[in-house]
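# Reading the structure
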Amino acid sequence: MEAPNYGHDNGAPSSHHQPPTYTQQEEHAPLIPKANTDGKFTPDASYKDVWAAILFIGNLFGYFGLTYYSAKHFISNPFTVLEDGSSIASNAFLADHAFVILALTSLAFTFSLSYGYFILIQRYTAALVKISWFFSVFFTIAIGVLQILSGSLWGALSIAVGVLCLFLYKYWASRMAFSVLVLETVTSVTRKYPATLAVAFSGLVLQIIWCAIWIFGLVLNYQYFQTVSNCRPVDNKMVCDNNALYIAMIYLNFVMFWNTEVIKNVIHVTISGVFGVYYFFEGSAAGAPASPTLASAKRALTTSFGSICFGSLLIALLQTLRYILNSLRSDSDDGIQAFLAMCASCILSMLEGLFEIFNKFAFTQVAMYGKPFVRAAKDTWELIKDRGVEALVNDSLVGNVLGMGTLAVALLSGFFGYVYVSIVQPSFYENQDKDLVMFAVIFVEMILGVAMMSVPNNVIDSGVTTTFVALAEDPQTLLDTKPELYHAIAVQYPEVSLNVRGQAVYHR
């Protein structure tokens, strides 16, 4: 089914002035809210990429089954027997009240910093876009200088990239106004739908819970397969009688990568669905539903879940290949083999980064139109061929703002931990190696700051991507429903007058 025609036939003016009418069968039609069901959606009821969802669920059962099998062995052998016949049992960690206070105040402090930076983005968008661009350039140059001082010639490449960006400042500056408009729009939509922040926070909590479960399973499986493979240290290297431990570690890392990607992309698809509702229906005759978040989450976890699993699987496979290559590099005594593994890992790392960006845009298509992943990927490729440079530039400018905020929050959080421990002098600091405890507290505080900033960052990133994709796919809707915003964008981004299929918008 062809997409609805937004433009003029053969360059002639349109003979009518009616906005495009979507039907459920049209592949580029957004998911239509029912007029009388309080914001629920009626997408195509069929489940997409069901095989990937089944494979993902089966993979989870495989992981928990393997962990259960290893746990049985661990429970029957709860102590590690040393050569002298003695045994070691695990020690419980006792948290005193000072540790609890540190944990609670840290959460409150990092939350306040993250929310404060979100407010700054809303109020000083243009200034932050420009400041963060210069910050990223000089930070890149500084990293290059440090690399050269440490003896690495790779630093010259970082310096060259930074200097090249400075020479191209006029080009970047010409694109900043568009990114500012998109950021301002996204933050205003977030204020309208604050549940998007709750969705992002729930994703953070799920990731933490999954990481804890995976680490627990990793320890159990490693101990079991180390015994099965009869692994032992020889000349500062681990030598095993068979590859059971190595294969188990590959599988466990694959499970980690896939589950992490699925959780992240479910959150992205949910948030993108909300921003899609705003774009297509805010200002329309039907109007946007008051609370579309739950309906969007339902689609992400049902009809679109298979597509999410499919796209996430591809990233997980690349990450697993990198893990294998890095293992070969670290375990190899052959310099040539280690060098080749390093080069292959570097190439895969770049491919993974590009595919992460590609997937983000493809999942936005899944969120807005309910497409299967292959169809979404094909349309994303068409979008990238037509708007790829603009997409990367806009993504980079927004990423600079979010990255600078993340670094600032991380550093301030680490400083907070340092001040707290220095002033309070808690017992867990007094009774241990002080330098080590201080380092651990600062490190954990910085990680907490990064994690807390990921909440608004994920919402803004998903919102910006959704807005860009919607503008490329269907600028006509923005003109019809939010004409002031359309004209403001058209001034800074003239390409908005054509969609990716070359169809021009028409004015009433």
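Rules used throughout
Residues numbered from 1 in each chain as written. Predicted model: local features only at pLDDT ≥ 70, side-chain atom pairs only at ≥ 80, totals over all residues. Heavy atoms only, no water. UniProt positions renumbered as here; feature names shortened; annotations may be inferred. Helix = DSSP H or I, 4+ residues; strand = E, 2+ residues; numbered from the N terminus. Contact = heavy atoms within 4.5 Å. Phe/Tyr/Trp six-rings, centres within 6.5 Å; stacked < 30°, edge-to-face > 60°. Buried < 20%, exposed > 50% of the residue type's maximum accessible area, 1.4 Å probe, protein only. Lys NZ or Arg CZ within 6 Å of the ring centre and 35° of its normal. Disulfide = S-S within 2.5 Å. Core = buried A, V, L, I, M, F, W, Y, C linked by side-chain atoms within 4.5 Å. Axes fitted to C-alpha atoms, helices over the stretch in contact; angles between N-to-C directions. Parallel < 35°, antiparallel > 145°, perpendicular 65-115°, else oblique. Left-handed = near helix turned anticlockwise from the far one by under 90°. Nonpolar A, V, L, I, M, F, W, Y, C, P; charged D, E, K, R; others polar.

An unreviewed UniProt entry lists the protein chain under the name Protein PNS1, with Linnemannia schmuckeri given as the organism. What UniProt states about the protein chain under its Function (unreviewed entry) heading is, verbatim, "Probably involved in transport through the plasma membrane." Checking UniProt for the protein chain, the heading Sequence similarities (unreviewed entry) contains the comment "Belongs to the CTL (choline transporter-like) family."

## What to know about the overall build of the protein chain
The helix and strand tally for the protein chain stands at 15 helices and four strands. A fraction of 77% describes how many contacts in the protein chain between residues 6 or more apart in sequence connect residues 24 or more apart.

## A word on the packing of aromatic side chains
A complete count under the given rule lists 27 aromatic pairs for this structure. With centroids separated by 6.2 Å and ring planes inclined at 15°, the aromatic side chains of Phe 439 and Phe 443 adopt a geometry described as stacked. One end of the pair, Phe 439, and the other, Phe 443, are both in helix α13 (residues 434-473), four residues apart, so they sit about a helical turn from each other. Residue Phe 439 is classed as exposed on the basis of its relative accessible area of 56%. When the centroid spacing of 6.4 Å and the interplanar angle of 40° are considered together, the rings of Phe 468 and Tyr 493 count as tilted. Here Tyr 493 lies in the segment after α15 (483-492) and Phe 468 lies in helix α13, a separation of 25 residues in the sequence. Taking the relative accessible area as the measure of exposure, Phe 468 reaches 3% and is therefore buried. Residue classification places Tyr 493 among the buried positions, given a relative accessible area of 2%. Put simply, the rings of Trp 133, Phe 134, Phe 138, Tyr 169 and Trp 172 touch in pairs and so form one group of aromatic residues. For Lys 482, the ring lying beneath its charged end belongs to Tyr 278, and the centroid distance is 5.0 Å. Over the ring of Tyr 279 we find Lys 482, and its NZ or CZ is 5.9 Å from the ring centre.

## Let's talk about the state of the cysteines
Applying the stated criterion across every chain, the model contains zero disulfides. The thiol of Cys 346 is unpaired, and the distance to the nearest cysteine sulfur, on Cys 343, comes to 7.3 Å.

## Quick notes on the nonpolar core
Core analysis: the biggest nonpolar cluster contains 62 residues, and Ile 121, Leu 183, Ile 460 and Ile 489 have the highest contact counts within it. It is α13 that provides the largest number of residues to this core, a total of 10 residues. Here Leu 183 is in contact with Ile 121, Thr 125, Val 129, Val 398, Val 401, Ile 460 and Val 464, once residues within four sequence places are set aside. Residues Phe 254, Ile 308, Ala 362 and Ala 367 belong to the second largest nonpolar core, which totals 23 residues.

## Observations regarding the environment of Ala 200
Checked against the element boundaries, Ala 200 lands in helix α6 (residues 195-228). Under the relative-accessibility criterion, Ala 200 is labelled buried at 2%. Considered as a pair, Ala 200 and Ile 267 are 67 residues apart in the sequence and their alpha carbons are 6.4 Å apart. Here Ala 200 is in contact with Ile 267, Ile 271, Val 455, Asn 458 and Val 459, once residues within four sequence places are set aside.

## Remarks on the environment of Phe 275
Along the polypeptide, Phe 275 turns up in helix α7 (residues 244-281). Taking the C-alpha atoms as reference points, Phe 275 and Thr 467, separated by 192 residues in sequence, lie 7.3 Å from one another. Phe 275 has contacts with Val 186, Val 189, Thr 190, Thr 196, Val 459, Gly 463 and Thr 466, leaving out every residue within four places of it along the chain.

## Section: the packing of α7 against α13
Interhelical geometry of α7 versus α13 gives an angle of 50° and a closest axis separation of 8 Å. The angle between the axes of α7 and α13 places the two elements in the oblique class. Between α7 and α13 the crossing geometry is right-handed. Residues His 268, Ile 271, Ser 272, Phe 275, Gly 276 and Tyr 279 of α7 lie in contact with α13, whose contacting residues are Asn 458, Val 459, Ser 462, Gly 463, Thr 466, Ala 470 and Leu 471. Here the residues of the contact of α7 with α13 sort into six nonpolar, seven polar and no charged.

## Examining the environment of Trp 133
If you trace the backbone, Trp 133 turns up in helix α3 (residues 125-149). C-alpha separation for the pair Trp 133 and Leu 166, spaced 33 residues apart in sequence, amounts to 9.8 Å. Leave out the neighbours within four places in its chain, and Trp 133 touches Cys 165, Leu 166, Tyr 169, Trp 172, Met 176, Leu 397 and Asn 400.

## Focus: the packing of α7 against helix α10 (residues 335-369)
Two packed helices can be described by the angle between their axes and the distance between those axes. Where α7 contacts α10, the axes come no closer than 8 Å and their chain directions differ by 50°. In terms of orientation, α7 and α10 fall into the oblique class. The element α7 and its partner α10 pack so that their crossing is right-handed. In this structure, α7 uses Glu 261, Lys 264, Asn 265, His 268, Val 269, Ser 272, Gly 273, Gly 276 and Phe 280 to contact α10, whose residues at the interface are Glu 356, Lys 360, Phe 363, Thr 364, Ala 367, Met 368 and Tyr 369. In the contact of α7 with α10, the residues fall into six nonpolar, six polar and four charged.

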